Amino acid sequence: MTLARSCEVVATRSGIPVILHRASGEVMHPGTGPAVEARELYVLPSRLAERLRQGGPGNAQGANLVLFDVGLGAASNAIAAWRVSESLPKAARRLEIVSFDHDLDALKLALEPQHAEAFGFSEKDGAQPAATALLTDGRHETPRTTWRLAFGEFLDSLTREPPASADIVFWDMFTRGANPHLWTVSAFRSLRSACRAGATLHTYTSATSARSGLLLAGFAVGVGGRIGDREQTTVAATNPADLAQPLDARWLARLARSSAAFPTDVPDDDHSRAEALARVRAQPQFS
């Protein structure tokens, strides 16, 4: 008996193949498709190539740059980062990609022969063998790049990673409706503890509650670029100076008026909301 897949391939209005998660009804990389979104929303804004060409902490060229790929899905973001690393000279910093997910069906589906080319898995550049090894062995390694799988529930997997180790986070989880426990102050605080000084986080959402949750967890938060029909995305950082467009007083005013201002672990009463708003206003980027 063949078990039903949790995902299926569908097409956007413009005909681009994308993956639909059946239980949540959410589509991975809608609108622009996986290749464009991975490049324009995650790889380019994170300055991945530039950071790999630079030294590590304390200019230690030997230190790996660590990328937390949170929400592996069909591996579109991870394989885009893998390609950047593989294209750089030997002298560049090595990249370590840690992909987190508890469901591998999307990647299995994308690697099927009839879908592989559409989802960017070519045998010519090694992308397909790399992703296949990740599925079968949980790890793939080249002289330039280590890619490993952290399989299981994200918060459990995160506890097994060294503290203060991530340099870049691609936060590409399903929305709060599908994963309410992962869009909380508590979850973001755990993630913040796993980030190294100078780390940046990149995500597709511009939701007020996600941004306030990141701020309450200790990140500085700013506006990310437009992608597809999303006018804004979000960038967070451990250092406010790394934000090109930090959230400002106008955003604080919108936060105060919002009916969905905070994550679900901020109690929904007047005192708790006022206290959370005061904590957000006290963040250094608003000084």
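Residues numbered from 1 in each chain as written. Predicted model: local features only at pLDDT ≥ 70, side-chain atom pairs only at ≥ 80, totals over all residues. Heavy atoms only, no water.

Trainee: So what's going on with the overall build of the chain? Residues and values would help.
Mentor: Scanning the chain from terminus to terminus reveals 10 helices and 11 strands. Against the compact-globule benchmark of 19 Å for 287 residues, the chain has a radius of gyration of 19 Å, which places it among compact chains. The principal-axis extent of the C-alpha atoms belonging to the chain is close to 55 × 50 × 35 Å. Here the chain holds 287 residues, and the buried ones make up 53% of them. Pairs at least 24 apart in sequence give 68% of the contacts found in the chain among residues at least 6 apart. Total accessible area on the chain stands at roughly 13,200 Å², and carbon and sulfur atoms take up 52% of it. Of the charged side chains in the chain, 30 are positive and 31 negative, and the gap between their average positions amounts to 6 Å. (Helix = DSSP H or I, 4+ residues; strand = E, 2+ residues; numbered from the N terminus. Rg over C-alpha atoms; globule rule 2.2 N^0.38 Å. Buried < 20%, exposed > 50% of the residue type's maximum accessible area, 1.4 Å probe, protein only. Contact = heavy atoms within 4.5 Å. Areas by Shrake-Rupley, 256 points an atom, 1.4 Å probe, with all protein chains shown as cover. Lys, Arg positive; Asp, Glu negative; His and termini not counted. Charge placed at Lys NZ, Arg CZ, Asp CG, Glu CD.)

Trainee: Can you explain the sheet that holds strand β2 (residues 17-21)? Please cite residues and give values.
Mentor: Strand order in the open sheet formed by 3 strands is β1-β2-β3, and the pairing between neighbours is antiparallel. The sheet is open, and its two edges are formed by β1 (7-11) and β3 (26-28), each paired on a single side. Taking each pair of neighbouring strands and ignoring which way they run, the sheet shows an average axis angle of 40 degrees. As judged from the 3 bridges shared by β2 and β3, these two strands associate in the antiparallel manner. Opposite Ile19, over in β3, you have Met28 as the bridge partner. (Pairing = 2+ DSSP bridges. Axes fitted to C-alpha atoms, helices over the stretch in contact; angles between N-to-C directions.)

Trainee: Explain the nonpolar core to me, and be specific about the residues and the numbers.
Mentor: Grouped together as the largest cluster of nonpolar side chains are 85 residues, with contacts concentrated most on Phe68, Phe121, Trp147 and Trp171. Broken down by element, the residue count for this core peaks at 6 residues, all from helix α3 (residues 76-87). (Core = buried A, V, L, I, M, F, W, Y, C linked by side-chain atoms within 4.5 Å.)

Trainee: So, the pattern of salt bridges: which residues are in play, and what are the values?
Mentor: Per the counting criterion, the structure on display carries 15 salt bridges. Across the pair Glu96 and Arg148 runs a salt bridge whose closest N-O atoms are separated by 2.9 Å. Taken together, the residues Glu96 in strand β5 (residues 95-101) and Arg148 in strand β7 (residues 145-151) connect sequence positions 52 residues apart. On the basis of relative accessible area, Glu96 is assigned to the buried category, the value being 16%. Put simply, Asp268 and Arg273 hold a salt bridge, and the shortest N to O gap is 2.5 Å. The class for Arg273 is partly exposed, based on a relative accessible area of 29%. When salt bridges with common partners are traced through the structure, they connect Arg5, Asp105 and Glu112 into a single cluster. (Salt bridge = Lys/Arg side-chain N within 4 Å of Asp/Glu carboxyl O.)

Trainee: Hey, could you go over the pairing of β2 for me, with residue numbers and the actual values?
Mentor: Burial runs high along β2: 4 of the 5 residues are buried. Note that β1 and β2 share 5 bridges and pair antiparallel. Pairing of Cys7 across the sheet is with His21, part of β2. Linkage of β1 to β2, two consecutive antiparallel strands, is achieved through a turn of 5 residues, within which Gly15 is found at a positive phi near 90 degrees. Once β2 ends, the chain turns through 4 residues before running back antiparallel as β3, passing Gly25 with a positive phi of about 75 degrees.

Trainee: I'd like to hear about the packing of helix α7 (residues 185-193) against helix α8 (residues 208-216), residue by residue, with values.
Mentor: It is the contact of α7 with α8, at a shortest axis distance of 8 Å, that shows an interaxial angle of 50 degrees. Judged on the interaxial angle alone, α8 and α7 are oblique. The chirality of how α7 crosses α8 is right-handed. Of α8, the residues touching α7 (which contributes Val185, Phe188 and Arg189) are Ala210, Gly213, Leu214 and Leu216. Of the residues belonging to the contact of α7 with α8, the class tally is 5 nonpolar, 1 polar and 1 charged. (Parallel < 35°, antiparallel > 145°, perpendicular 65-115°, else oblique. Left-handed = near helix turned anticlockwise from the far one by under 90°. Nonpolar A, V, L, I, M, F, W, Y, C, P; charged D, E, K, R; others polar.)

Trainee: Please give an account of the sheet that holds strand β6 (residues 139-141) that cites residues and values.
Mentor: Within the open sheet, the 8 strands sit side by side as β6-β7-β5-β4-β8-β9-β11-β10. Their pairing is mixed. At either margin of the open sheet sits one strand with a lone partner, and together these are β6 and β10 (220-224). Between one strand and the next, the sheet's axes are offset by a mean angle of 15 degrees, whatever the strand orientation. Against the sheet, helix α5 (residues 127-137) touches β6 and β7, its axis set at about 140 degrees to β6. Where α8 meets the sheet, it contacts β9 (195-203), β10 and β11 (233-237), and its direction lies at approximately 150 degrees from that of β10.

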